[in-house]
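Secondary and tertiary structure notes
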Amino acid sequence: MVNIYKPENKTLPLIPLRGISIFPHMVIHFDVGREKSIEALEQSMIDDSLILLCTQINPKVDEPDKNDFYQVGTVAKVKQMLKLPGGSIRVLVEGISRGRIIDVNQEEPYFEVEIEDMIYDPEELEPNQDLEAAMRLVVEDLEEYISLNTKVSSEVLVSISDIDDPGRLADVISSYIFLKQEDNQKILEAFDFYERLEVLHGILQKEIELLKIEDKINQRVKKQINKVQKEYYLKEQLKAIQKELGEEDELSEDIEEYKEKIEKIKMPKEVKEKALKEIDRLTKMSPHSAEVGVIRTYLDWLVELPWNKETKEKVDIKKAREILDEDHYGLEDVKERILEFIAIRKLTNSMKGPILCLVGPPGVGKTSIAKSIARSLNRNFVRMSLGGVRDEAEIRGHRRTYVGSMPGRIISSIKKAGSKNPLFLFDEIDKLSSDFRGDPASALLEVLDPEQNTTFTDHFLDVPFDLSKVFFITTANTTSSIPAPLLDRMEVIRVSGYTDEEKLQISLRYLLPKQMKEHGLKNEQVIISQSAIKSIINYYTREAGVRNLERNIANICRKAAKRVVEENLSTVRINAGNLENYLGSKKYRFDEVEAKNQIGVANGLAWTAVGGETLSIEVTTMKGTGKIQLTGKLGDVMKESAMAGISYIRANSSMLNIEEDFYKEMDIHIHVPEGAIPKDGPSAGITIATAVISALSNTPIYRDLAMTGEITLRGRVLPVGGIKEKVLAAHRMGIKKVLLPNDNGKDLDEIPDRVKKKMEFVLVKRMDEVLKHALVKKEDINEDH
Ligand code: ADP
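The structure reproduced in this document is the subject of the present report. (Residues numbered from 1 in each chain as written. Predicted model: local features only at pLDDT ≥ 70, side-chain atom pairs only at ≥ 80, totals over all residues. Heavy atoms only, no water.)

1. Looking at the layout of surface pockets
Using the following cut-off: For cavity detection a 1 Å grid was placed over the protein atoms alone, and a set of points counts as a cavity when a 1.4 Å probe fits there but cannot get out; an open set counts as a pocket when protein lies on both sides within 12 Å along at least five of seven lines, with lining residues being those that have an atom within 4 Å of a point. Grid points are joined across faces, edges and corners, and a volume is the space filled by probe spheres set on the points. In DSSP terms, a helix is any run of H or I states spanning at least four residues, a strand is any run of E spanning at least two, and both are numbered starting from the N terminus. In the scheme used here, Gly and all other residues not listed as nonpolar or charged are polar, with Ala, Val, Leu, Ile, Met, Phe, Trp, Tyr, Cys and Pro taken as nonpolar and Asp, Glu, Lys and Arg as charged. Start and end positions for the domains come from either an automated domain assignment or a database one.
Within this model, the second largest pocket holds a volume of roughly 930 Å³. In terms of lining residues, the second largest pocket is bounded by 33 residues, among which Gly365, Thr367, Ser368, Lys514 and Glu550 are the most central. Listing elements by their share of the lining of the second largest pocket, those giving two or more residues are α12 (366–377), β8 (381–385), β12 (471–476), α17 (500–518) and α19 (547–566). Looking at which element gives the most residues to the lining of the second largest pocket, the answer is α17, with eight residues. In terms of residue class, the lining of the second largest pocket is built from 11 nonpolar, nine polar and 13 charged. Residues from two domains meet in the lining of the second largest pocket; each of domain 4 (317–494) and domain 5 (500–583) gives at least three.

In structure tokens, the structure reads:
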């Protein structure tokens with residue numbers, strides 16, 4: 001307890017203060033408005049300018065009585081007074097010492113109090129370690145307080161640095177900092193210096209704690225605000241730059257457009273989320289960024305795909321038959337099987353089950369059948385050719401990381417179709433190849449598999465598209481090169497070639513009217529005779545289908561249309577005689593049978609991807625050393641089959657009336673003309689053998705006879721494929737008699753009756769039977785010459 005006070009009793013006027021506390025040593029001005037306070041002020045000026053300032057316990061009380069202010073206040077000296085407009089007075093006061101009220105002398109017209117003025121002489125204070133320590137503590141407190149509270153200037157620290165009086169130090173510090181009224185009063189009422197420092201330390205510590213918490217909260221809030229502000233600021237800046245460059249509007253307009261579209265079309269949830277994410281990325285981008293283009297392309301795809309668009313499927317077998325008949329001549333069994341297929345699909349009501357595969361030579365109407373099926377089911381039609389597709393990415397697309405990447409052809413085709421349930425035609429599935437860039441066949445398997453294709457994911461889109469409603473149909477020229485796992489999934493329907501008569505009918509009923517219409521010609525303007533069409537079939541085309549036939553008819557129509565216009569003709573007539581004026585000179589020598597029976601020339605029948613063909617096999621022998629030469633682009637299997645034939649001849653030379661040593665003294669040259677078409681397969685075996693035997697034995701072969709069949713070393717004749725196409729080709733050439741392997745007998749059912757009537761078929765088991773029919777009999781030779 002340090003007490004060096006020498007209290008003096010005084011009588012002073014009193015002013016109750018509202019909301020402020022005044023400490024000794026403090027200089028401050030405040031306004032005085034209340035009548036009583038002004039009276040007190042005036043009285044103090046009359047005396048010695050001293051006045052007691054006590055803080056009102058409740059600042060809201062307008063007319064306080066003697067119990068409404070604290071009993072300890074500050075004795076102050078009034079230094080200046082300034083009358084303010086409106087009657088109130090601004091005073092400048094300096095606090096001097098503490099004053100404790102002993103008695104209240106009067107309350108009117110102003111408060112007058114009897115006090116104990118607590119004055120002391122600091123010089124009398126003796127050095128005291130506790131006080132020293134307490135003083136240091138509060139100075140440290142103040143430093144920390146100032147560091148946390150920016151409202152208090154650090155200059156305060158300078159102004160207190162030379163204060164030695166501990167009581168004064170506490171008062172000065174208290175006057176600089178912002179404390180609650182009660183805390184101020186506590187300090188004021190602490191007369192003992194040590195106690196006062198202690199109270200101040202306690203209050204300051206509490207304040208510091210509060211400030212720290214405040215600071216923490218502030219920091220947190222600031223951080224959030226900072227982030228938000230920064231983004232806002234940067235975006236604003238970006239917008240300003242974009243505006244300056246005149247681009248802002250375009251991009252943000254587009255963004256709005258995308259948003260609208262996304263809301264309008266019903267996308268799966270996952271796709272919508274993805275789209276919105278991309279839009280969000282777009283909004284943050286400068287229109288100059290190269291990626292803007294990439295994202296836009298992506299969004300364009302997302303909004304244009306038929307995620308939820310479907311055409312209403314109609315399955316009406318009767319109507320389907322009508323449409324198929326309307327578009328196609330003949331093809332009865334093909335149509336029948338297609339209708340069965342559709343009917344079963346309707347009954348099982350599912351897309352599961354095999355995929356239809358139409359197999360046949362080009363131009364026989366596979367694509368157009370598929371189109372008719374689409375029309376009859378009320379599905380949109382798209383077609384994608386698989387010819388030469390060797391890269392998996394063509395099917396599945398490239399990831400977006402590639403510059404200029406795009407979806408694969410499946411998704412592109414779906415977009416083109418415009419509905420998620422089109423009829424999707426995969427053309428030339430047999431031409432699919434695979435290499436180091438992945439296996440397109442396995443990607444295709446996934447597409448065709450109803451278990452997997454509900455979530456077909458294109459690399460570019462990166463979101464699944466449901467292909468399960470798509471009706472897939474495939475086409476191929478042959479089944480032999482279709483990857484086995486794909487072939488397993490398919491139901492094969494063969495569409496074989498047409499006879500000349502069928503081609504003629506197709507031309508007259510379908511191709512010609514179609515081309516006339518396309519060229520804007522009326523029926524009477526161009527008249528093409530049947531003879532002209534037959535001529536086109538025989539001399540300008542060589543095909544199983546009608547594609548080139550149609551092309552030639554289109555050529556004629558174009559030229560005729562030109563003449564109609566240019567020469568103002570009412571009718572242009574085309575017949576076999578003037579055909580060359582329109583189509584140029586004949587392209588093919590019509591495969592007519594030779595005029596005479598020939599030695600060493602046999603008619604074979606081949607079956608290629610483009611249909612059946614006749615092959616005339618020529619053999620010449622010459623003196624030599626037993627060399628065997630094969631020419632005409634023959635494949636390995638065909639060569640081996642030729643060698644097998646020759647071995648058979650060597651083994652049976654005596655029976656065949658051929659010199660035993662022929663293979664030592666003769667060179668044999670086997671040639672198959674029309675060298676540009678590669679030929680392979682074993683089915684020319686018996687034909688080659690027959691031609692060689694004819695050459696070696698000098699016996700002619702019947703000119704109007706053709707044959708097909710594989711030969712074994714022992715002379716057995718084995719069955720071969722493509723009988724219908726081969727027979728049609730033979731018919732086209734004018735052959736009268738065809739030798740077929742015995743085991744192919746059942747294939748004769750497929751041959752149109754009209755053809756059957758005009759030809760003779762002989763089923764053979766052995767080579768000697770072949771020769772019996774093929775080699776010209778002695779009596780016939782004579783007849784011939
Ligand atoms: P593919 O797909 O088998 O190669 P397309 O379907 O392209 O053959 O047919 C070629 C042209 O021949 C088309 O114009 C088609 O309409 C026509 N065509 C083919 N077969 C017939 C047919 N039986 N009846 C009518 N037109 C046909």
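2. Quick look at the pattern of salt bridges
Going by this rule: Should a side-chain nitrogen of Lys or Arg be within 4 Å of a carboxyl oxygen of Asp or Glu, the pair is scored as a salt bridge. A simple rule labels every residue: compare its accessible area, found with a 1.4 Å probe on the protein chains alone, to the largest value its type can have, and call it buried under 20%, exposed over 50%, or partly exposed in between.
For the structure on display, the rule yields 41 salt bridges. Two residues, arginine 90 and aspartate 31, come together in a salt bridge whose shortest N-O distance is 2.8 Å. Placement of the pair is arginine 90 in strand β5 (residues 89–106) and aspartate 31 in strand β2 (residues 27–32), with a sequence separation of 59 residues. Residue arginine 90 is classed as partly exposed on the basis of its relative accessible area, which comes to 33%. Looking at aspartate 31, the relative accessible area reads 42%, which means it is partly exposed. Taken together, the shared-partner salt bridges in this structure form one network comprising Glu8, Lys10 and Asp117.

3. Let's talk about a positive patch on the surface
Threshold: Here, patches come from residues exposed beyond 30% relative accessible area and free of salt bridges, joined within 9 Å for like charges and within 5 Å for nonpolar side chains (Val, Leu, Ile, Met, Phe, Trp, Tyr). All accessible areas in this document rest on Shrake-Rupley with a 1.4 Å probe, and a residue is counted as covered only by the protein chains that are shown. In this tally, Asp and Glu contribute negative charge and Lys and Arg positive charge; neither His nor the terminal groups of the chain are included. A charge is said to be at NZ when it belongs to Lys, at CZ for Arg, at CG for Asp and at CD for Glu.
Together, Lys534, Arg754, Lys757 and Lys758 make up a region of like positive charge exposed at the surface. In terms of residues, the positive patch owes the most to one element, helix α25 (residues 753–758), which gives three residues. As for its position among the elements, lysine 757 is in helix α25. What makes lysine 757 exposed here is its relative accessible area of 72%.

4. Focus: α17
As a reminder of what qualifies: By definition, a residue's bend is the angle between the axes fitted to the seven residues ending there and the seven starting there. Should any heavy atoms of two residues lie within 4.5 Å, those residues are counted as being in contact.
For α17, the principal kink sits at serine 507 and spans about 50 degrees. Among the residues of α17, Asp500, Glu502, Lys503, Leu504, Gln505, Ile506, Ser507, Leu511, Leu512, Gln515 and Met516 are the ones counted as buried. The inward-facing, buried residues of α17 contact β14 (526–528), α18 (530–540), α19, α24 (723–733) and α25. At the exit of α17 stands glycine 520, carrying a positive phi of roughly 70 degrees.

5. Considering the site of the ligand
Spelled out, the test is: Definition of nearness: a residue and a molecule or strand are near each other if at least one heavy atom of the residue lies within 4 Å of the molecule or strand. Here a polar contact is taken to be a pair of N or O atoms separated by no more than 3.5 Å, where protein atoms must pair a possible hydrogen donor with a possible acceptor and residues adjacent in sequence count only if both atoms sit in side chains. A molecule is counted as occupying a cavity or pocket when more than half of its atoms fall within 2 Å of that pocket's grid points.
Around the ligand sit 20 residues, and of these Lys366, Thr367, Lys514, Arg547 and Glu550 come closest. Within the side chain of lysine 366, an N or O atom sits 2.8 Å from an oxygen atom of the ligand. Within the side chain of lysine 514, one N or O atom sits 2.7 Å away from an oxygen atom of the ligand. The cavity that encloses the ligand is the second largest pocket. Here the residues of the shell around the ligand sort into 10 nonpolar, five polar and five charged. Shared between two domains, the shell around the ligand takes at least three residues from each, and those domains are domain 4 (317–494) and domain 5 (500–583).

6. Quick word on the sheet that holds β8
Applicable threshold: The pairing criterion is simple: DSSP has to find at least two bridges between the two strands. To get an axis, fit a line to the C-alpha atoms, keeping to the stretch in contact for a helix; angles then go from 0 to 180 degrees between the N-to-C directions.
If you trace the five strands from one edge of the open sheet to the other, you get β8-β9-β12-β7-β13, paired in parallel fashion. Where the open sheet ends on each side, the last strands, each with one partner, are β8 and β13 (490–494). Neighbouring strand axes in the sheet, compared pairwise and without regard to direction, differ in orientation by 25 degrees on average. The sheet contacts of helix α14 (residues 409–417) involve β8 and β9 (423–427), and relative to β8 the element is tilted by about 155 degrees. Of the strands in this sheet, β7 (355–359), β9 and β12 touch helix α15 (residues 440–448), which is tilted by about 160 degrees from β9.

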